[in-house]
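Structural description and commentary
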Amino acid sequence: MTEPAYSRILLKLSGEVLAGPQPYGIDLQTLKGLAQEIREVSDLGVSIALVLGGGNNFRGLAASASGMDRANADYIGMLATVMNCLAFQDALDREGLVTRVMTALEMREIAEPYVYRRAIRHMEKGRVILLAGGTGNPYFTTDTAAALRALEIHAQVILKATKVDGVYSEDPEKNPSATFYPTVSYMDVLKGNLKVMDLTAISMCMDAKLPIHVFNIRKRGNIRRVLEGESVGSLVKG
């Protein structure tokens, strides 16, 4: 069996991915497929943390642009990520994985409060952890939460799951002639505003020299392929 390229990962999934073919909400068949992929990766001996967005349920930025108080909108968005994590936890449990949902906002009846040392301990015991509630603060995206949590739990890489095959000069769905970058530096991402993750998240990863592997989650098996060292997606590094 091929030795995984990384032994501890943080997988960042947008809320839109969980909606599957639906315009919004949670598609249970999509969840099942993703959970099966996570199980395959776990079977390789890889420790896994997940950070999920909430855009399939509620988008704080869109609500604030329509007049809602930004802080209030962001808190609602954090709750949307909790909903997604609980749904994903159920799918992972059905695949036989041991899981923990940990939240930046306290709601002890359904999840553990996030404590980074406890999160690390869960991973050491082979549990998949789902990190909900963003950073627990408004004005920060789940991309920034993913970068922060990855650093706290000593992840070796952020796997950024997207709808396209990696990093491009422009949105390839809008411009089919956009240039694909198999590797790109943090600084080039920042200078070119390449939309990999938000600028705060990229800056944090650059300071810590934490690589970001961007790939297409819609292609079944891509998570495993990345970990087995295949040439999949784009790598953002120094």
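In short, a report on the structure. On a predicted model such as this, the values are computed, not experimentally measured, just so you know.

Further remarks concern the overall build of the protein chain. Along the backbone of the protein chain there are nine helices and eleven strands. Taken over the C-alpha atoms alone, the protein chain extends approximately 55 × 50 × 35 Å along its principal axes. Counting across all 238 residues of the protein chain, residues that qualify as buried make up 54%. Pairs at least 24 apart in sequence give 70% of the contacts found in the protein chain among residues at least 6 apart. Approximately 11200 Å² of the protein chain is accessible, and the part contributed by carbon and sulfur atoms is 50%. Of the side-chain charges in the protein chain, 27 are positive and 26 negative, and the distance between the mean point of each set is 2 Å.

Right, let's get into the side chain of D198. With respect to the helices and strands, the residue D198 is situated in the loop between helix 7 (186-192) and helix 8 (199-208). Here D198 occupies a buried position and makes no salt bridge, while the nearest side chain of opposite charge, K160, is found at 8.1 Å. Among the polar contacts made by the side chain of D198, one reaches the main-chain amide nitrogen of T200 at a distance of 2.9 Å. Ignoring anything within four residues of it in the chain, the contact list for D198 reads T141, D143 and T144.

Quick look at helix 5 (residues 116-124) now. Residues of helix 5 that are buried: A119, I120, H122 and M123. Across the axial projection of helix 5, the buried residues extend over an arc of 160°, all falling on one side. Exposed side of helix 5, more than 90 degrees from the buried face: R117 and E124 are the residues found there. Where helix 5 is buried, its residues meet strand 1 (8-13), strand 2 (47-52), strand 3 (99-103), strand 4 (112-113), strand 5 (128-132) and helix 6 (142-152). Of the residues flanking the end of helix 5, it is G126, one or two places downstream, whose phi is positive at about 85°.

Attention now goes to the sheet that holds strand 10 (residues 212-216). If you walk across this open sheet you meet the nine strands as 4-3-5-2-1-6-10-11-9, and the pairing is mixed. With partners counted over all chains shown, the strands left at the sheet margins are strand 4 and strand 9 (183-185), one partner each. Here strand 10 pairs with strand 11 (residues 234-237) via three bridges, running antiparallel. Bridging from a neighbouring strand, I212 pairs with V236 of strand 11. Taken strand by strand, helix 2 (residues 28-43) contacts strand 1, strand 2 and strand 5, and its axis lies near 150° from that of strand 2.

Basis of the calculations
- Residues numbered from 1 in each chain as written.
- Predicted model: local features only at pLDDT ≥ 70, side-chain atom pairs only at ≥ 80, totals over all residues.
- Heavy atoms only, no water.
- Helix = DSSP H or I, 4+ residues; strand = E, 2+ residues; numbered from the N terminus.
- Buried < 20%, exposed > 50% of the residue type's maximum accessible area, 1.4 Å probe, protein only.
- Contact = heavy atoms within 4.5 Å.
- Areas by Shrake-Rupley, 256 points an atom, 1.4 Å probe, with all protein chains shown as cover.
- Lys, Arg positive; Asp, Glu negative; His and termini not counted.
- Charge placed at Lys NZ, Arg CZ, Asp CG, Glu CD.
- Salt bridge = Lys/Arg side-chain N within 4 Å of Asp/Glu carboxyl O.
- Polar contact = N/O pair within 3.5 Å; in protein donor to acceptor, adjacent residues only side chain to side chain.
- Arc of directions from axis to C-beta.
- Pairing = 2+ DSSP bridges.
- Axes fitted to C-alpha atoms, helices over the stretch in contact; angles between N-to-C directions.

Purely geometric numbers; function is a separate question.
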